[in-house]
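# Working through the structure, step by step
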Amino acid sequence: MQWNWFTWLDKSLRTKMLVMFVLLTVFPLIFIGFISYNKSANIISERAYSLAQIKNSQITREIDVLFQDIHRFNEIGKQQSTVQFLLHQEETYDEAKEILSLFDFYQRSYLSGEHIFDIEIMNLTGKTISDKRGVYQREVTKNDEQLHALFSEDPSQAQMEITYQDGFPTLEITNAIVWDITEAVIGTMKITIDASTITSILANKSLTDTDNSSFYISSEDRDIFFQQKDRNKDQPVYIDMSQMNDKEQGYYTSDDMFYVYETTKMTNWKVIGQAPIKEIMKDSNDIRTLIVLAVISSIIFIIGLYMFISNRLIRPIRLLKDKMQQAAQGNLEAKVIPVGEDEIATLGDSFNQMIVKIKSLLDLSIEEEKKLKAAEFRTMQAQINPHFLYNTLDTIIWLAEAKEHQSVIELTKALSQYSRISLNKGKDWITIADEIAHIESYLYIQKTRYEDILDVSVQIDSNILRYHILKLLLQPVVENAIYHGIKNKRGQGFLRINGGIDEENCIRFDVIDNGIGMDEERLQELRDHLLTGEVLPEAKNGFGLINVQQRIQLYYGKDYGLKINSWKGSGTRVTITIPKSGGRK
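Here's a quick rundown of the structure. All values reported here derive from a predicted model rather than from experimental measurement. (Residues numbered from 1 in each chain as written. Predicted model: local features only at pLDDT ≥ 70, side-chain atom pairs only at ≥ 80, totals over all residues. Heavy atoms only, no water.)

## Considering the sheet that holds strand β17 (residues 561-567)
Working definition: the strands of a sheet are paired by backbone hydrogen bonds and lie parallel or antiparallel to each other. Taken in spatial order, the 5 strands of this open sheet run β13-β15-β16-β18-β17, and their pairing is mixed. Each having just a single partner strand, β13 (454-460) and β17 make up the two edges of the open sheet. Put simply, the sheet's adjacent strands are angled 10° from each other on average, direction ignored. In terms of strand pairing, β13 meets strand β15 (residues 493-501) through 7 bridges, oriented parallel. Within the sheet, the bridge partner assigned to Asp455 lies in β15 and is Phe494. (Pairing = 2+ DSSP bridges. Helix = DSSP H or I, 4+ residues; strand = E, 2+ residues; numbered from the N terminus. Axes fitted to C-alpha atoms, helices over the stretch in contact; angles between N-to-C directions.)

## Overview of a nonpolar patch on the surface
Judged by side-chain polarity, Val19, Met20, Leu23, Leu24, Phe27 and Ile30 come together as a nonpolar surface patch covering roughly 590 Å² of accessible area. Here Val19 is to be found in helix α2 (residues 13-72). The class of Val19 is partly exposed, set by a relative accessible area of 32%. (Patch = residues over 30% accessible without salt bridge, like charges linked within 9 Å, V, L, I, M, F, W, Y side chains within 5 Å. Areas by Shrake-Rupley, 256 points an atom, 1.4 Å probe, with all protein chains shown as cover. Salt bridge = Lys/Arg side-chain N within 4 Å of Asp/Glu carboxyl O. Buried < 20%, exposed > 50% of the residue type's maximum accessible area, 1.4 Å probe, protein only.)

## Notes on the sheet that holds strand β8 (residues 225-227)
Pairing is antiparallel across the open sheet formed by 5 strands, whose spatial order is β8-β7-β11-β10-β9. Each of the sheet's edge strands pairs with one partner strand only, and the pair in question is β8 and β9 (249-254). In this sheet, neighbouring strand axes are inclined to one another by 20° on average, regardless of whether the strands run parallel or antiparallel. Summarising the sheet, β9 and strand β10 (residues 257-263) pair through 6 bridges and their orientation is antiparallel. Looking across to β10, one finds that Gln249 is bridged to Glu262.

## Re the packing of aromatic side chains
Applying the stated rule across the entire model yields 10 aromatic pairs. Centroid distance Tyr106 to Tyr110: 5.9 Å. Interplanar angle 40°. Geometry classified as tilted. Arranged with centres 5.9 Å apart and planes meeting at 45°, the rings of Phe226 and Trp269 form a pair that is tilted. Here Trp269 lies in the loop between β10 and β11 (270-276) and Phe226 lies in strand β8, a separation of 43 residues in the sequence. (Phe/Tyr/Trp six-rings, centres within 6.5 Å; stacked < 30°, edge-to-face > 60°.)

## Topic: helix α15 (residues 520-532)
Here α15 is 13 residues long and its end C-alpha atoms lie 18 Å apart, about the 18 Å a rise of 1.5 Å per residue gives. The complete set of buried residues in α15 reads Leu523, Leu526, His529 and Leu530. Taken down its axis, α15 places every buried residue within 125° of arc, on the same side. Of the exposed residues in α15, those oriented more than 90 degrees away from the buried face are Glu520, Glu521 and Leu531. Packed against the buried residues of α15 are α16 (544-555) and β17. Residue Gly533 follows α15 closely and has a positive phi angle near 85°. (Expected span 1.5 Å × (residues − 1). Arc of directions from axis to C-beta. Contact = heavy atoms within 4.5 Å.)

## Notes on helix α3 (residues 80-87)
The complete set of buried residues in α3 reads Ser81, Thr82, Val83, Phe85 and Leu86. Of the surrounding elements, those touching the buried residues of α3 are α4 (93-109), β1 (116-123), β2 (127-130), β3 (134-137), β5 (168-179) and β6 (184-194).

## Thoughts on the packing of helix α13 (residues 432-449) against helix α14 (residues 474-486)
Closest axis-to-axis distance for the α13/α14 pair is 10 Å, and the angle between their directions is 20°. In terms of orientation, α13 lies roughly parallel with respect to α14. As α13 packs across α14, the resulting crossing turns out to be right-handed. On the side of α13, the interface is formed by Glu435, Ile436, His438, Ile439, Tyr442, Leu443, Gln446 and Arg449, while α14 contributes Leu474, Gln475, Val478, Glu479, Ile482 and Tyr483. Of the residues assigned to the contact of α13 with α14, the class counts are 8 nonpolar, 3 polar and 3 charged. (Parallel < 35°, antiparallel > 145°, perpendicular 65-115°, else oblique. Left-handed = near helix turned anticlockwise from the far one by under 90°. Nonpolar A, V, L, I, M, F, W, Y, C, P; charged D, E, K, R; others polar.)

## As for the packing of α3 against α4
Remark: α3 packs on α4, axes separated minimally by 9 Å, with the N-to-C direction vectors making an angle of 130°. The orientation of α3 with respect to α4, classified from their angle, is oblique. Taken as a pair, α3 and α4 cross one another with a handedness that is left-handed. Contacts between α3 and α4 pair Ser81, Thr82, Gln84 and Phe85 from the former with Glu95, Ala96, Glu98, Ile99 and Leu102 from the latter.

## Here we look at the environment of Leu171
Tracing the backbone through its elements, the reader meets Leu171 in strand β5. On the accessibility criterion, Leu171 (0% relative accessible area) is buried. Considered as a pair, Leu171 and Ile191 are 20 residues apart in the sequence and their alpha carbons are 8.1 Å apart.

## Some words on the nonpolar core
Membership of the largest hydrophobic core comes to 43 residues, with the highest contact counts inside it found for Phe67 and Ile121. Counting residues per element, this core draws most heavily on α2, at 7 residues. Beyond its immediate stretch of four places on either side in the chain, Phe67 contacts Met160, Leu171, Ile173, Ile198, Met266, Thr267 and Trp269. Listed in part, the 41 residues of the second largest apolar core include Ile464, Leu473, Leu526 and Ile546. (Core = buried A, V, L, I, M, F, W, Y, C linked by side-chain atoms within 4.5 Å.)

## A word on the pairing of β3
Here β2 runs beside β3; their pairing, made up of 4 bridges, is antiparallel. If you follow Thr128 over to β3, its bridge partner there is Tyr136. Connecting the antiparallel pair β2 and β3 is a turn made up of 3 residues.

## Some details on the environment of Met324
Within the secondary structure, Met324 sits in helix α9 (residues 314-328). The class of Met324 is partly exposed, set by a relative accessible area of 45%. Along the primary structure Met324 and Asn352 are separated by 28 residues, whereas in three dimensions their C-alpha atoms are 10.0 Å apart.

## Topic: the side chain of Thr163
Among the secondary structure elements, Thr163 is positioned in strand β4 (residues 159-165). You can call Thr163 buried: its relative accessible area is 14%. Reaching out from Thr163, the side chain makes a polar contact with the side chain of Glu172 at a distance of 3.5 Å. Among residues more than four places away in sequence, those in contact with Thr163 are Phe168, Pro169, Thr170 and Glu172. (Polar contact = N/O pair within 3.5 Å; in protein donor to acceptor, adjacent residues only side chain to side chain.)

This is the structure we're talking about:
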């Protein structure tokens, strides 16, 4: 009988693997389950308390981060302009302007700035500057005098108070401003923030999986108190603060309730979490039961899984092999339909992703080639603008009829220089010096035509003239500034062209005009077209800004190109950025 057993075992690889599988998995699972069952209660209990402290600490850190940001606003009080404003009672327009700029800069620089309603700086006599109201003189109240006296004793201590603005609760944080030279208090800074910013930190926070837990934030004297919205709103909140006064953090139990607390470093507030003890300890018994059920279920599942895998392992492998052979023969529509989530299914997903990526790269390569060809075609079309040529010839004829022979000569030379660089024997790359010469020829012609309305300034760093650049990058931008900005403007227009090396060691050109500019909607539309590469309808006369953007990104990469800023009625700035190493010599 024993011989028959081993003979049967040797004949069936599936049975042999099943016996080994059971021996290597079932017995270890039973042993681990037994050990885990005995130790789970203590471990889960300790971890429940630790998890509660971690959740409470997360809220504490968020509050400290918020007030660290707000504390940085106190740096405004140390600025020279602030000190001058506080020390002098007379009108201080420059200092006030700089302080308001600092208010705006700090609010944009820190995330907490969006939660600030107002920033107010006041000296000891009531001279005040506010982010909302500007500079004004207000009466010094008894409360102000008490605050000044308090700061005289301890300038480092911030004062906080809950107030209401337009029916909404706010938190006012007042700090002393100390003059470094005399170390005397010369004024106060009051920052008013939205109190809902504090309560929003508590939102969606819970010690347990139910709504029976709550978080609170309280000062030691309970003058400042926050709690989660819609939590225990019908029940009075009572917390025994005496249990926490002598400790920075910890936990305790009282009346079947569990409390965990921690003190914030920035405000000395207490963040308090509260939940029923039975819910804190609920997972202990559940997990012990779950361990037993998990061991039994795992044994059953492992045996069934093995039977399933042994039956279905070969079929997915063969299917994957067939699809790979189809793909190797050029059929990029071949796809595997994965079954399950095992390694073979993962291979199938990876195969499908590889095929999609190959198709995407092929399509992208074709699309990029189309764009390149289209851009080159538009460049060829734009090399000689017929309307520009006709207008220039008309100007030459007009000057010749007026017998201004020297002007005819100079204008003809400029047109010749312009056309020579535009054609450049079919080459795409020229030096920046040639590109600037091309622009200067173009501008000379345009100034001749628009002498009364066009003022031009070209300032180029001589250190970049030796670098190479794609030709005809600047001319379309300059042309756009003249025809769509300055030409439609009443009165004198100016055009500034600056070039140099920026802080990122790239070559940067700025084309600035004081033309009619664009409104926000039109500007955003143009930016969207620059991003997508779609040619605007008005770009039909010349290859326009879109073509310049495409050419830069095709030759230099997606990190370079045009940036446009415009102000309705004030003008437009177009910035062109390219790498110094770009181009061919």
